[in-house]
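# Analysis of the macromolecular model
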There are 2 protein chains.
Amino acid sequence: MQKKYGKFYGVGVGPGDPELITLKGLNVLKSVPVVFVPVSREGKDSYALGIAERYLDFSKQERIDLLFPMKKNQAELIPNWDRAAEKVLEVCGKGMDSAFITEGDPFFFSTFIYLYTRVIKKVPRENITIVPGVTSFCASAAAAEFPLVHGEARLAILPSVYDMDKVEEVLEKFDTVVFMKVNKVLPQLLKKIERLGLKNQLVYVERCGSGEERIIRDPEELKKLDANYLSLMIVKKH
Amino acid sequence: MQKKYGKFYGVGVGPGDPELITLKGLNVLKSVPVVFVPVSREGKDSYALGIAERYLDFSKQERIDLLFPMKKNQAELIPNWDRAAEKVLEVCGKGMDSAFITEGDPFFFSTFIYLYTRVIKKVPRENITIVPGVTSFCASAAAAEFPLVHGEARLAILPSVYDMDKVEEVLEKFDTVVFMKVNKVLPQLLKKIERLGLKNQLVYVERCGSGEERIIRDPEELKKLDANYLSLMIVKKH
């Protein structure tokens with residue numbers, strides 16, 4: 001008898017270093033017959049696939065690309081997420097198990113959440129498993145040997161599009177602040193950090209764990225940097 | 001010729017499920033001749049060891065326990081951290097490689113930071129490697145299928161001893177708030193969350209991924225709970 005739905009896994013493959021995948025993620029990826037791969041252009045490999053490809057075998061597993069072009073406005077991607085969810089539901093509906101790969105952790109600033117919220121409306125919760133992953137901010141802190149928080153410290157994590165007017169307030173009230181995807185706001189952000197006297201208490205990390213990883217602590221060097229999208233800055237007060 | 005210092009690894013073994021260790025963490029644990037294990041009492045196994053023990057072989061690897069009794073005041077543990085650092089330095093000084101195991105991630109609310117800050121004063125940075133791990137809050141969100149943050153959302157992570165007077169302000173300014181180790185403040189915290197009209201937008205997770213994991217969404221059930229130390233609550237506004 002065919003089961004009604006296959007299992008659907010959201011697998012966080014970690015931030016960049018293929019060795020930072022979890023055993024659980026690896027076991028899922030090796031076991032599923034279908035792998036959903038987010039790509040920004042047709043025929044282009046994804047960052048997530050760059051991390052996970054050594055664990056996959058597309059001569060035996062079906063690869064289904066899901067197209068998500070780079071858009072400033074996430075709302076423009078709604079038709080893409082709808083189409084992606086349809087493809088996942090089609091595979092699930094055949095009783096086939098599948099996994100969607102995503103860099104970092106699936107529920108932490110991952111667009112996987114848009115897919116999950118659609119799929120969960122149709123597929124029973126027990127058929128969906130989220131495999132957590134190492135986040136880019138933890139891996140960046142580890143690579144830079146920059147301890148994040150301990151004891152009574154408070155941590156804030158802000159996305160790139162964060163209102164720049166509130167940066168001072170957050171840096172005042174929190175011990176450590178992680179600014180995600182800082183590439184577009186780097187000069188502005190650095191000015192604020194300098195004004196607060198924190199320019200020697202920061203680290204910038206780009207494409208952590210990949211072959212192109214960059215770790216920069218010098219604000220002067222950062223000011224001249226052509227920063228990558230997969231970047232973050234950690235600022236620590238004490 | 002004997003090398004001057006051995007390598008010292010801080011390995012995050014993940015939050016509880018042994019399968020959530022990373023490949024990198026696993027490879028380090030299998031390769032080192034010496035493993036440092038944090039224990040709260042002599043002869044007692046640690047939570048971190050409970051996660052990692054299946055990957056270790058103490059017939060071939062030396063186990064060195066480091067004693068950290070449960071203390072309210074972390075300052076009382078300073079002599080323990082000093083002694084622990086001495087033991088690590090002794091092993092490093094012999095040119096032997098070693099690893100310290102810690103639950104979750106080594107630089108995220110881990111007492112490993114106290115050890116790291118001591119060891120780094122004596123051992124060259126290139127001899128120390130931090131292996132990041134899956135944090136309890138990501139694993140809890142995954143287990144509870146409770147997406148954390150996406151898009152422009154802001155995340156705050158507060159320790160248990162956080163000033164309760166500021167909870168409302170943080171919940172007002174952030175989209176998602178993680179309260180770490182909530183066992184002692186649970187009734188107070190629930191009252192505040194109820195007053196803000198957020199009682200149906202929370203999840204409590206205890207000992208995530210272990211055999212004793214509990215996931216509770218009902219505030220009434222939480223009010224009566226004898227909560228465990230390894231617990232957290234996630235509250236999401238939208």
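The structure we're discussing is the one just above.
Residues numbered from 1 in each chain as written. Chains lettered and ligands numbered in written order. Predicted model: local features only at pLDDT ≥ 70, side-chain atom pairs only at ≥ 80, totals over all residues. Heavy atoms only, no water.

### Brief notes about the overall build of chain A
A tally of helices and strands in chain A yields eight helices and 10 strands. Judged by the C-alpha coordinates and their principal axes, chain A covers about 65 × 40 × 35 Å. Per-residue burial for chain A yields a buried fraction of 57% across its 238 residues. Considering only contacts within chain A whose residues lie at least 6 apart along the sequence, 71% involve residues at least 24 apart. When the accessible surface of chain A is split by element, carbon and sulfur atoms take 49% of a total near 10400 Å². The centroid of the 35 positive side-chain charges in chain A is displaced by 3 Å from the centroid of its 32 negative side-chain charges. (Helix = DSSP H or I, 4+ residues; strand = E, 2+ residues; numbered from the N terminus. Buried < 20%, exposed > 50% of the residue type's maximum accessible area, 1.4 Å probe, protein only. Contact = heavy atoms within 4.5 Å. Areas by Shrake-Rupley, 256 points an atom, 1.4 Å probe, with all protein chains shown as cover. Lys, Arg positive; Asp, Glu negative; His and termini not counted. Charge placed at Lys NZ, Arg CZ, Asp CG, Glu CD.)

### Section: the packing of aromatic side chains
Tallied over the entire structure, the rule returns 24 aromatic pairs over all chains. Measuring from ring centre to ring centre gives 6.2 Å for Phe-8 of chain B and Phe-112 of chain B, while their planes differ by 35°; the resulting arrangement is tilted. On the criterion of sequence distance, the pair formed by Phe-8 of chain B in strand E1 (residues 8-12) and Phe-112 of chain B in helix H4 (residues 112-119) is long-range, its members being 104 residues apart. Judged by its relative accessible area of 0%, Phe-8 of chain B is buried. Residue Phe-112 of chain B is classed as buried on the basis of its relative accessible area of 0%. Linked through ring pairs, Phe-8, Phe-36, Phe-100, Phe-107, Phe-112 and Tyr-116 of chain A together constitute an aromatic cluster. (Phe/Tyr/Trp six-rings, centres within 6.5 Å; stacked < 30°, edge-to-face > 60°.)

### Overview of the packing of helix H3 (residues 78-93) of chain B against H4 of chain B
Residue and element names in this part refer to chain B. At a closest axis distance of 9 Å, the pairing of H3 and H4 adopts a crossing angle of 55°. By the angle class used here, H3 and H4 are oblique. Handedness of the crossing formed by H3 with H4: right-handed. On the side of H3, the interface is formed by Ile-78, Trp-81, Asp-82, Ala-84, Ala-85, Val-88 and Leu-89, while H4 contributes Phe-112, Tyr-114, Leu-115, Arg-118 and Val-119. (Axes fitted to C-alpha atoms, helices over the stretch in contact; angles between N-to-C directions. Parallel < 35°, antiparallel > 145°, perpendicular 65-115°, else oblique. Left-handed = near helix turned anticlockwise from the far one by under 90°.)

### Observations regarding helix H1 (residues 23-31) of chain B
Looking at H1 of chain B, one finds that the buried residues are Leu-23, Gly-25, Leu-26, Val-28 and Leu-29 of chain B. At its buried positions, H1 of chain B is contacted by helix H1 (23-31) of chain A together with E1, helix H2 (47-52), strand E4 (98-102) and strand E5 (128-131) of chain B.

### Here we look at the sheet that holds strand E7 (residues 176-180) of chain B
An order of E9(A)-E8(A)-E10(A)-E7(A)-E6(A)-E6(B)-E7(B)-E10(B)-E8(B)-E9(B) is seen for the 10 strands of this open sheet, with the pairing classed as mixed. What marks the edges here is a single partner per strand, and that holds for strand E9 (214-216) of chain A together with strand E9 (214-216) of chain B. Ignoring which end each strand starts from, the neighbouring axes of this sheet average 15° apart. Bridge count between strand E8 (residues 202-206) of chain B and E9 of chain B: three bridges; the pairing is antiparallel. Residue pairing in the sheet places Glu-206 of chain B in a bridge with Arg-214 of chain B of E9 of chain B. Strands in contact with helix H7 (residues 186-195) of chain B are E7, E8 and strand E10 (231-236) of chain B; relative to E10 of chain B, the strand with the most contacts, it is inclined by about 5°. (Pairing = 2+ DSSP bridges.)

### So, the environment of Lys-173 of chain B
Looking at the element boundaries, Lys-173 of chain B is found in helix H6 (residues 167-173). On the basis of relative accessible area, Lys-173 of chain B is assigned to the partly exposed category, the value being 29%. Spatially, the C-alpha atoms of Lys-173 of chain B and Arg-154 of chain B are 8.2 Å apart, while their sequence positions differ by 19 residues. Excluding anything up to four places from it in sequence, Lys-173 of chain B contacts Glu-169 and Lys-173 of chain A together with Arg-154 and Lys-237 of chain B.

### Regarding the interface of chain B and chain A
Buried accessible area, meaning the area lost when the parts come together, often serves as the stated size of an interface. Contact with chain B, which involves 56 residues of that partner, is made by 56 residues of chain A. Taken together, the two surfaces of chain B and chain A that pack against each other cover about 4400 Å², and 65% of this comes from carbon and sulfur. When residues of chain B are sorted by the area they lose upon contact with chain A, Leu-23, Phe-107 and Glu-145 of chain B head the list and together hold 15% of the total. At the junction of chain B with chain A, the criterion picks out six salt bridges. A salt bridge links Glu-145 of chain A to Arg-125 of chain B; the shortest N-O distance between them is 3.9 Å. Counting the contacts that link chain B with chain A gives 24 residue pairs in polar contact (both at pLDDT 80 or more). (Buried area = accessible area lost by both parts, 1.4 Å probe. Salt bridge = Lys/Arg side-chain N within 4 Å of Asp/Glu carboxyl O. Polar contact = N/O pair within 3.5 Å; in protein donor to acceptor, adjacent residues only side chain to side chain.)

### Some details on the pattern of salt bridges
All names here are of chain B. Summed over the entire model, instances satisfying the criterion amount to 29 salt bridges over all chains. Two residues, Arg-118 and Asp-82, come together in a salt bridge whose shortest N-O distance is 2.7 Å. One end of the pair, Arg-118, is in helix H4; the other, Asp-82, is in helix H3, and 36 residues separate them in sequence.

### Remarks on the relation of the copies chain B and chain A
With an RMSD of 0.0 Å, the fit of chain B onto chain A corresponds to turning through 180° and sliding 0.0 Å along the axis. Both chain copies can therefore be described as sitting about a two-fold axis. Most of the interface of chain B is mirrored in chain A: 100% of its interface residues are interface residues there too. (Least-squares fit on C-alpha atoms with pLDDT ≥ 70 in both.)

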